[in-house]
Amino acid sequence: MRALLLLTLKNLKLLVRAKASALIVVFAPLLIILILGLSYNTSAPYGLNIGVYSTSFTADVESFITTLQHDEFKIIKYDSMDKCVNDIKLGFIHTCISVPESLAIESNVQKEIVFHLDPSKINLVYMIQETLKSKFNLKAQQLSQDLTQNILTQLSTAKTTIGDKKGLLQTAKDKNTAVSSQTDTIVSTLSSLDLGVSESTYDLAVISDTGSKVSTALDKVREAKTAFEGLNVSSGDTAVLTAALDEAESKLKSANNFINGTDAGTIRSLVAILEADLTSLKSKLTSASTALGTASTDLGTAKGSLNEGVTAIDDVLSSLNTLQTNLESQKVTDASTISAPLITKIEKVGPEGTYLNYMFPALLVLVVMFTSLLLGTTLVMMEKNSPAFLRNYFLPLNKVTFIMATYLTTVLLMVTQIFIILGVSIFFLKDSVGSLPYMILILLLASSVFTFLGMGLGYLFRSEETGVLASISLGSIMLFLSGVILPLESVSPLLRSITFFNPFVLAEKLIREVFIFHTAWSGLWVDLLTLFGYMVVLFLVILIAETLLHKHLVHRFLKHHHRLHRENDKKDTGKV
Amino acid sequence: MALVQLKEVTKEYEKVPILQGVNINIEEGDVYGIIGESGSGKTTLLNMITGFLQPTDGSVLYQMDVTGPARDLSVDLHKVKKQIGFTPQHNSFYPQLTVKENLFHFGKLYKVPANTLVTNVKNLLTFTRLFEHRNKLADHLSEGMRRRLDIACSLIHKPRILVLDEPTADLDTNLQREILSLLQQANKQGVTIVIASHHLDSVEEICNKVAIVNKGNVFCHGLIDDIKKPFLKENVTITLKPGGNKDQVLQLIRRLPVEKIVDKGATLVVYPKDIQQTVSGLLQLIKEQNLYLNDMDVRKPSLKEIFEMITKK
């Protein structure tokens, strides 16, 4: 333990006495956090220069520009698209927007607004897209709202008209129904009409029989008269009888004439007339009956049509009712709600803060990562390349002591740095004091992992320059695959799954959860254990590497110095 | 009793032998020099003595106490290395710590008791003459001071053996002398010292024993005097006057009983068959022929010369 402290103290002395190291160790983090604090302790929008090109700067375009200017974007108007694009290339503006002179939608053709971005500024591209998208959405929503309002007005009118005209349709339906009913009555009435003529009631044989009988009676009368004349009857009686017979004969004659005569006014002629009339009537009645049948059929058809009409009216009414019900059931009648039923509202799951609040976890881990990596590498390199390296071989110390001393030196320096950073950060982030102890613990764990990584690189590489370069490269790779520079979602799924095991990602996640969301320890133990596991594994790897490499390093050290002396010998001619 | 024993130590790199069958004994209190050309394998040998490298074959044994058995470095490295102080070729301390901080840092890590450590630091600061500079950053010290601090750091836990790899390399003569003196003083205080160096003069100056490493083999090892014995032939070095007649001098010397004359330009090294006859003959020649010489030196062969002779064989 004493040896460990002695070696650590020696390491610290050596680091502090190298002015550059002291500067890096003490002032660099202070400076970094001060600069970051002053730079990002703001919630002001991004300072973007936006070029706007349009064939004509109409009221629509100007209104669009005004929308953008509300967010303090600096707007530069261009009358040439080429110049606008060229200025992006030259870095004068960040994006160029081509806006049509009119934003009114008058047909089914969408209006196109074209963005021109410099894809090489990949981090800015996303930011510009995101920032401006909201503005465009707002404008598009305004336009959509107008269009929707127009449709809604039309719908409202249609609803009113349906309400109004539905009564008329009902009346039409009722009338149709009544007509149909009347048709039934007519058909029924017509059906009840009997236009048939009974032939038996017109039996003329009776008349002929009567005529025959009258003729026969007449004949009998005549025969009686003849017979009477042959008889000697008193004149008086004869006269009376003859007169009576004559009268009877006359009357029978008359009756016979009436019955059997052919003259007009006789029964036969009357019957003939009557018969003719009857035939005519019968014919007419037949025609009437036929007409009645046709009328009945037509009335049936008419009724069917009327019923169909009623059914159709019913359908129309039902549809209108449904339509009306639907229209009435449409509770959302506000154009803005219909045009933008979903409003993108970003609710911050953590407390509101400045950019520094959100960037702080990543920045903190970034500083810790690079400093730990570099310190780890530098200290191992310092020891390896120190003239005293060989003398340490004779010291009665375990290899673990040297490793632990290097680690302890880094950790002590990191503790100093973390305290400086967090101390300074309190000035900017006053609300985060409560989470500082937890953050210190996580940072120490992360620092240990990065220190061992740095030490590993220190053992691997020969010169300090290459070691430091390797540390910076490793740090850069971890940073690049952390989602801080580019979203992890944009990398391949395989790489993405690997990046979740990136110590930087783990540490940053832990700090973010503690610092921003104040998550309880119980929710962090998996990541903490992973980080701790890394630390243990790396320590063992370094121990093995040191054991394997130490002898090799001593030999290399000896060889190097021996070669230098041989070269000196060659120059020295006075020696053997 | 040997503090360190290397028994049949062999080291191979990718099946290429770097060192073969090395047997060395380093006694307590020795100042042991390991010498050899660049690439001869001396640093490898040193690294095996300190435990940085494991021998491919053989063993490095440390006698930790008088009674106990010798400990194999590959088995008891953790216990043995507390007894070793190592000063590598380059400086091995923290440049951004002060002199005092470096010493306290390593002392504390060696678990030296606090009171002892304070005394050790004070003594070492005085011993290495760094007391005045104790609060200076190590990076701000001169090269000589740095080397002294490095040695002080190696001695902070009072090791029994101090191993130094090229301690005088890249230093000027004065600094070399300073460091050697420091090591001699440390040795006097009971620290066994092992030095790998190609500065043979320096090694000869302070070491009592050496091992000469050549092409992966320890050619010879032991006390310097013992190593020199087979090569113990005195010679006379004559420094000629600039513009003098060298040919005439050579002709006259050849009349004397000499085995070999080595012409080194301004100097002539004469290896006599009989040193006394040759020296008296030379003196007579100078008198008779009125030869005017700048200097004449009669001496035994140096370790460097012996080394050259060995490596040329």
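Here, the structure is the one placed above.
Conventions adopted
- Residues numbered from 1 in each chain as written.
- Chains lettered and ligands numbered in written order.
- Predicted model: local features only at pLDDT ≥ 70, side-chain atom pairs only at ≥ 80, totals over all residues.
- Heavy atoms only, no water.
- Helix = DSSP H or I, 4+ residues; strand = E, 2+ residues; numbered from the N terminus.
- Expected span 1.5 Å × (residues − 1).
- Buried < 20%, exposed > 50% of the residue type's maximum accessible area, 1.4 Å probe, protein only.
- Disulfide = S-S within 2.5 Å.
- Patch = residues over 30% accessible without salt bridge, like charges linked within 9 Å, V, L, I, M, F, W, Y side chains within 5 Å.
- Areas by Shrake-Rupley, 256 points an atom, 1.4 Å probe, with all protein chains shown as cover.
- Salt bridge = Lys/Arg side-chain N within 4 Å of Asp/Glu carboxyl O.
- Pairing = 2+ DSSP bridges.
- Axes fitted to C-alpha atoms, helices over the stretch in contact; angles between N-to-C directions.
- Contact = heavy atoms within 4.5 Å.
- Core = buried A, V, L, I, M, F, W, Y, C linked by side-chain atoms within 4.5 Å.
- Parallel < 35°, antiparallel > 145°, perpendicular 65-115°, else oblique.
- Left-handed = near helix turned anticlockwise from the far one by under 90°.
- Nonpolar A, V, L, I, M, F, W, Y, C, P; charged D, E, K, R; others polar.
- Buried area = accessible area lost by both parts, 1.4 Å probe.
- Polar contact = N/O pair within 3.5 Å; in protein donor to acceptor, adjacent residues only side chain to side chain.

Peer 1: Let's hear about helix H1 (residues 2-17) of chain A: which residues, and what values?
Peer 2: For H1(A), built from 16 residues, the straight-helix expectation of 22 Å at 1.5 Å per residue is met to within 8% by its first-to-last C-alpha distance of 22 Å. Among the residues of H1(A), Ala3(A), Leu4(A), Leu6(A), Leu7(A), Thr8(A), Lys10(A), Asn11(A), Leu12(A), Leu14(A) and Leu15(A) are the ones counted as buried.

Peer 1: Please set out the state of the cysteines residue by residue, giving values where relevant.
Peer 2: All names here are of chain A. Within the structure shown, the criterion is met by one disulfide over all chains. The disulfide bridge from Cys84 ends at Cys96, spanning 1.8 Å between sulfur atoms. Its S-S torsion of about 120° marks the bond between Cys84 and Cys96 as right-handed, since a negative value means left-handed. Separated by twelve residues along the polypeptide, Cys84 in helix H4 (residues 81-89) and Cys96 in strand E3 (residues 95-98) bring together distant segments of the chain. Residues Cys84 and Cys96 agree in their burial class; the two are buried.

Peer 1: Report on a nonpolar patch on the surface, specifying residues and quantitative values.
Peer 2: On the surface, a nonpolar cluster with roughly 800 Å² of combined accessible area is contributed by Trp525(A), Val526(A), Leu529(A), Phe532(A), Val536(A), Leu540(A), Ile544(A) and Leu548(A). A relative accessible area of 47% means that Val526(A) is categorised as partly exposed.

Peer 1: Just give me the short version of the sheet that holds strand E3 (residues 31-36) of chain B, but keep the residues and values in it.
Peer 2: Residues and elements named next belong to chain B. The strand order across the open sheet built from six strands is E6-E7-E8-E3-E9-E10, with neighbouring strands paired in mixed fashion. The strands lining the two open edges of the sheet, one partner per strand, are strand E6 (84-87) and strand E10 (217-223). Mean inter-strand twist for the sheet, computed between neighbouring axes without regard to direction, equals 15°. The pairing of E3 with strand E8 (residues 192-197) spans five bridges and is classified as parallel. If you follow Ile35 over to E8, its bridge partner there is Ser197. Contacts from helix H5 (residues 143-155) reach E6 and strand E7 (161-165) within the one sheet, and its direction differs from that of E6 by about 165°.

Peer 1: Mind laying out the pairing of E10(B), listing which residues take part and the relevant values?
Peer 2: All names here are of chain B. Sheet analysis places strand E9 (residues 209-214) next to E10, joined by six bridges and oriented antiparallel. Within E10, the residue paired with Ala211 across the bridge is His221. Hairpin remark: E9 followed by E10, antiparallel, with two residues in the connecting loop; positive phi at Lys215, about 50°.

Peer 1: Can you tell me about the nonpolar core, naming the residues and giving the values?
Peer 2: Ile49(B) and Tyr62(B) are the most contacted members of the largest nonpolar core, which has 96 residues in total. Broken down by element, this core gets its largest block of residues, six residues, from H5(B). Sequence-distant contacts of Tyr62(B), that is, excluding residues within four places in its chain, are made with Leu3(B), Val4(B), Ile49(B), Thr50(B), Pro69(B), Ala70(B), Arg71(B), Leu73(B), Val80(B), Ile84(B) and Ile161(B). With 49 residues, the next largest nonpolar core counts Ile403(A), Leu443(A), Leu445(A) and Met455(A) among its residues.

Peer 1: Explain the packing of H5(B) against helix H6 (residues 173-188) of chain B to me, using residue names and the numbers behind them.
Peer 2: Residue and element names in this part refer to chain B. It is at 10 Å that the axes of H5 and H6 come closest, and there the two elements cross at 15°. Taken together, the axis directions place H5 and H6 in an arrangement best described as roughly parallel. In this structure, the crossing between H5 and H6 has a hand that is right-handed. Each of Gly144, Arg147, Arg148, Ile151 and Leu155 in H5 lies in contact with H6, whose residues at this interface are Leu175, Glu178, Ile179, Leu182, Leu183 and Ala186. Residues that form the contact of H5 with H6 fall into these classes: seven nonpolar, one polar and three charged.

Peer 1: Report on unusual backbone geometry, specifying residues and quantitative values.
Peer 2: Residue and element names in this part refer to chain B. The backbone of Glu8 shows a phi angle near 45°, a positive value even though the residue is not glycine. For Glu8, a relative accessible area of 47% gives the class partly exposed. The backbone phi angle of Lys158 is positive, close to 50°, even though this residue is not glycine. By secondary structure assignment, the location of Lys158 is in the loop between H5 and E7.

Peer 1: So what about the sheet that holds strand E1 (residues 2-13) of chain B? Which residues, and what values?
Peer 2: All names here are of chain B. The antiparallel open sheet is built from four strands, whose spatial order is E2-E1-E4-E5. The sheet is open, and its two borders are formed by strand E2 (16-27) and strand E5 (71-72), each paired with just one other strand. Two elements, E1 and strand E4 (residues 57-62), share five bridges in a ladder whose sense is antiparallel. Each residue of the ladder has a partner; that of Val4, found in E4, is Tyr62. Taken strand by strand, helix H1 (residues 42-50) contacts E1, E2 and E4, and its axis lies near 55° from that of E2.

Peer 1: Go over the interface of chain B and chain A with me, naming the residues and quoting the values.
Peer 2: At the interface, 46 residues of chain B touch 34 residues of chain A. Together, Phe52(B), Tyr94(B) and Leu109(B) form the three largest contributors to the area buried by chain B at its contact with chain A, with a combined 20%. Along the contact surface separating chain B from chain A lie two salt bridges. Between Asp150(B) and Arg391(A) there is a salt bridge, with its nearest N and O atoms 2.6 Å apart. Counting across the chain B and chain A interface gives nine residue pairs in polar contact (both at pLDDT 80 or more). Broken down by secondary-structure element, the contributors of at least two residues to the side of chain B that touches chain A are H1, helix H2 (77-80), E6, helix H3 (99-109), H5 and helix H11 (303-312) of chain B. It is H3(B) that contributes the most residues to the side of chain B that touches chain A, five residues altogether. Taken together, the residues of the side of chain B that touches chain A break down into 18 nonpolar, 19 polar and nine charged.

Peer 1: Before we move on, can you summarise the pattern of salt bridges with the specific residues and values?
Peer 2: Residue and element names in this part refer to chain B. Applying the stated criterion across every chain, the model contains 20 salt bridges over all chains. Note that Glu28 and Arg160 form a salt bridge whose closest N and O atoms lie 2.8 Å from each other. Of this pair, Glu28 sits in the loop between E2 and E3 while Arg160 sits in the loop between H5 and E7, and the two are 132 residues apart along the sequence. In this structure Glu28 comes out as partly exposed when scored by relative accessible area, which is 42%. A cluster of three or more residues bridged by salt bridges with shared partners is formed by Arg129, Arg148 and Glu178.

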